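Summary of the model geometry
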Amino acid sequence: MDIDRAMIGILSVFAVLGVCLVFTIVIATNTLSGLRGFASLQTYWTEARKEASLQLANYIESEDPQYFARFDSAMLYMQKAESVRVELMKDNSDHTSVKRQMGDIYTVPQDLDFMITAFENFHTFPDFKEAIHVWDVSDGYIKEMQDLAAFSKNKMESAEFDDATRQAAIKELFYLDRELTRMQHALAASLSDGAHLLNTLILWISISIGLILLITGFLLSFRFAKSMKKWHRAIEVSEQQYRSLFEQNPNAVCLISKRGEFVEGNDVLTEVTGYTKEELMGENFIQFFEAYELERIEPIFLRTLEGEPQTYETVGIKKNGERMYSEITSLPIYIDGEITGVYGIIHDITERELAKQQIEAQLVEKTELLAEVHDRVKNNLALISTLIQLQRISITDKEQKVYWDRTVSRVHSMALVHERVYATESFSSIDMEGCINDIVQNVCDSKLPSDSWKAEAQPEQVYLGIKQAMSVGLLLNEILESYCILAQNTTGGGCITTQFVELENELCLKVLAKSELENIRFELEPTALGMKLINVLVKQLKGTYSLTNEDGSSIEVRFKRNVKAKNEPHPDTNNG
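As a starting point, this report considers the structure included with it.

1. Here's the deal with the packing of aromatic side chains
One pass over the full model with this rule turns up 3 aromatic pairs. Ring geometry for Tyr-59 and Phe-68: centres 4.9 Å apart, planes at 55°, overall tilted. For Tyr-59, a relative accessible area of 5% puts it in the buried group. With centroids separated by 6.1 Å and ring planes inclined at 45°, the aromatic side chains of Phe-68 and Phe-71 adopt a geometry described as tilted. A residue pair is termed a helical-turn pair when its members lie 3 or 4 positions apart in one helix, as Phe-68 and Phe-71 do in helix α2 (residues 65-88) at 3 residues. Both residues of the pair, Phe-68 and Phe-71, belong to the buried class.

2. Examining the sheet that holds strand β2 (residues 262-265)
Overall, antiparallel pairing links the 5 strands, which are arranged β2-β1-β5-β4-β3 in an open sheet. The strands lining the two open edges of the sheet, one partner per strand, are β2 and β3 (310-317). Across the sheet, the mean angle separating the axes of adjacent strands is 30° when strand polarity is ignored. Taken together, the 10 bridges between strand β4 (residues 323-335) and strand β5 (residues 338-348) define a ladder with antiparallel strand orientation. Along β5, the bridge assignment pairs Thr-329 with Ile-345. Packing of helix α10 (residues 291-305) onto the sheet brings it into contact with β1 (252-257), β3, β4 and β5, and relative to β3 it is tilted by some 145°.

3. Topic: empty space enclosed by the protein
Taken as a whole and judged by the stated rule, the model has 2 cavities of 30 Å³ or more. Together, 24 residues line the largest cavity, and Phe-262, Phe-285, Phe-289, Ile-328 and Ile-346 are the ones closest to its centre. Elements supplying a minimum of two residues to the lining of the largest cavity: β1, α8 (267-273), α10, β3, β4 and β5. Considering each element in turn, the lining of the largest cavity owes the most residues, 4 residues, to β4. Taken together, the residues of the lining of the largest cavity sort by class into 17 nonpolar, 6 polar and 1 charged. Roughly 260 Å³ of internal volume is contained in the second largest cavity. Considering the residues around the second largest cavity, the lining is formed by 17 residues, among which Phe-38, Ala-131, Trp-135, Leu-187 and Leu-191 are closest to the centre. Of all the secondary-structure elements, those providing two or more residues to the lining of the second largest cavity are α1 (2-62), α4 (112-122), α5 (126-157) and α6 (163-197). With 6 residues, α5 is the largest single contributor of residues to the lining of the second largest cavity.

4. A word on the packing of α2 against α5
Where α2 contacts α5, the two axes come as close as 11 Å, and the packing angle between them is 150°. Taken together, the axes of α2 and α5 lie roughly antiparallel to each other. For the element pair α2 and α5, the recorded crossing hand is left-handed. Of the residues in α5, those touching α2 at Phe-68, Phe-71, Met-75, Met-78, Gln-79, Ala-81, Glu-82 and Arg-85 are Ile-132, Trp-135, Asp-136, Asp-139, Ile-142, Lys-143, Met-145, Gln-146, Ala-149 and Lys-153. Broken down by class, the residue content of the contact of α2 with α5 amounts to 10 nonpolar, 2 polar and 6 charged.

5. Digging into the environment of Gly-34
Within the secondary structure, Gly-34 sits in helix α1. The class of Gly-34 is buried, set by a relative accessible area of 0%. It is 5.5 Å that separates the C-alpha atoms of Gly-34 and Ala-118, two residues lying 84 residues apart in sequence. Apart from residues no more than four positions distant in its own chain, Gly-34 is found in contact with Phe-114, Met-115 and Ala-118.

Rules and cut-offs
- Residues numbered from 1 in each chain as written.
- Predicted model: local features only at pLDDT ≥ 70, side-chain atom pairs only at ≥ 80, totals over all residues.
- Heavy atoms only, no water.
- Phe/Tyr/Trp six-rings, centres within 6.5 Å; stacked < 30°, edge-to-face > 60°.
- Buried < 20%, exposed > 50% of the residue type's maximum accessible area, 1.4 Å probe, protein only.
- Helix = DSSP H or I, 4+ residues; strand = E, 2+ residues; numbered from the N terminus.
- Pairing = 2+ DSSP bridges.
- Axes fitted to C-alpha atoms, helices over the stretch in contact; angles between N-to-C directions.
- Contact = heavy atoms within 4.5 Å.
- 1 Å grid on protein atoms, 1.4 Å probe; cavity = no way out; pocket = protein on both sides within 12 Å on 5 of 7 lines; lining within 4 Å.
- Points joined across faces, edges and corners; volume = space filled by probe spheres on them.
- Nonpolar A, V, L, I, M, F, W, Y, C, P; charged D, E, K, R; others polar.
- Parallel < 35°, antiparallel > 145°, perpendicular 65-115°, else oblique.
- Left-handed = near helix turned anticlockwise from the far one by under 90°.

As structure tokens, this is what we get:
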């Protein structure tokens, strides 16, 4: 609010002086504004000329297209300035076109009319006439500079730009720049001499304006000093916030140059790596990684320099030679729109990685132990089967032998499931296609009349957990045993078909027995052991079953999978 009051006071002084001097300073002020505008235009032109020379020199030295683009941008300014001069020299110049073009190259719109008026009124004066001539000569040198740029570009594109050509081009550029500098001084001198002619007329105006400017300058200096204090405080706060984020970060943080050298790092970085800041600063990060890791990390670093933040895990080498597992986030550093380096945020995951490796080792150990358990179960089942068969030899009753044979068959079915478990690395999902084929072959090959009946297995590749797999194996064994007995008591031949398919929401096990000569019927006695086992196993599967005796006899069992197993077979699974 105080600053606004001061500005109002300054404006009041200007108003009073304006009323007093309005009738005497109109023409002088317009002329001064015009000369001031041309002086400012010369300054902008000079800056553009210097920029063009610098960018062209950079382009010739580096052959980088971005410097040529900047050169074109600077040349555009001078070309527009030339168009303004050419249009003003015409007898009937288009003021609208001139103002539009001057507006593109001059930043003070209120001076444009005064500049046009001053040019038309004073361009025939000797000093101003000389200034226009110098301007014209300068534009000629500018065109030569454009030709030099075009020549250099063509040589570069045709791969003919050798060192000799480059040196000649640089020499030519220095010559043109020197001549343009001389023209700049001559133009400044001409404008100065012309302005001196009008100095007498506006001397008293200059004194009045000088006093006002002195007062204004004091006020502006005061305001600027106050603003600088606020800006300095804001920068200090920002710096402290940055340092807090950098130094108090629980992770290691470092700043890396575009060449890959450490520029800065926090205390955590020295703690996790074992190096001091003095040892790290100026060193390239590649020496802290082994060769095989660098092949992966260097492309990531280059992508970060292209503006893409990256997060990745890697293994570095500490000062003591130990490995350090890290999760690194690399972020590009932008300054004035250009990437000048990379921030690296390093999270030490060594303990987590070692724990992971320990867990994986334990998992391998437990997997091997579980495989051994299943193998022992399978062997024990084989031993039990052998003992039962030895016991069967001493039995003379034929009906008792059948019961003992069915017991052996059940043990074989359980052994087949465990054999499948042992053959795969995944104990949570068993390929039932191979199990079904094995059980059908195990039961039917020994129990069906070989000359008249045959057995077919049509299972899909379905995966079950071991608990359900065991129940399905025993269930299929009981059904096949019953159908084999039915086939032995049936006239003629036939076929027993086993299907195991996956429907939309459930699994279906179906066994169909079909005779060639008669329509067989299958009845299960509720009190029979086979029937009791079937009921128990279906209950374990939480499913249902149905028996039909039309067009053959079939038993169909439907149930849902307890756990969703993987859908692709394991490469080590034996599909039988």
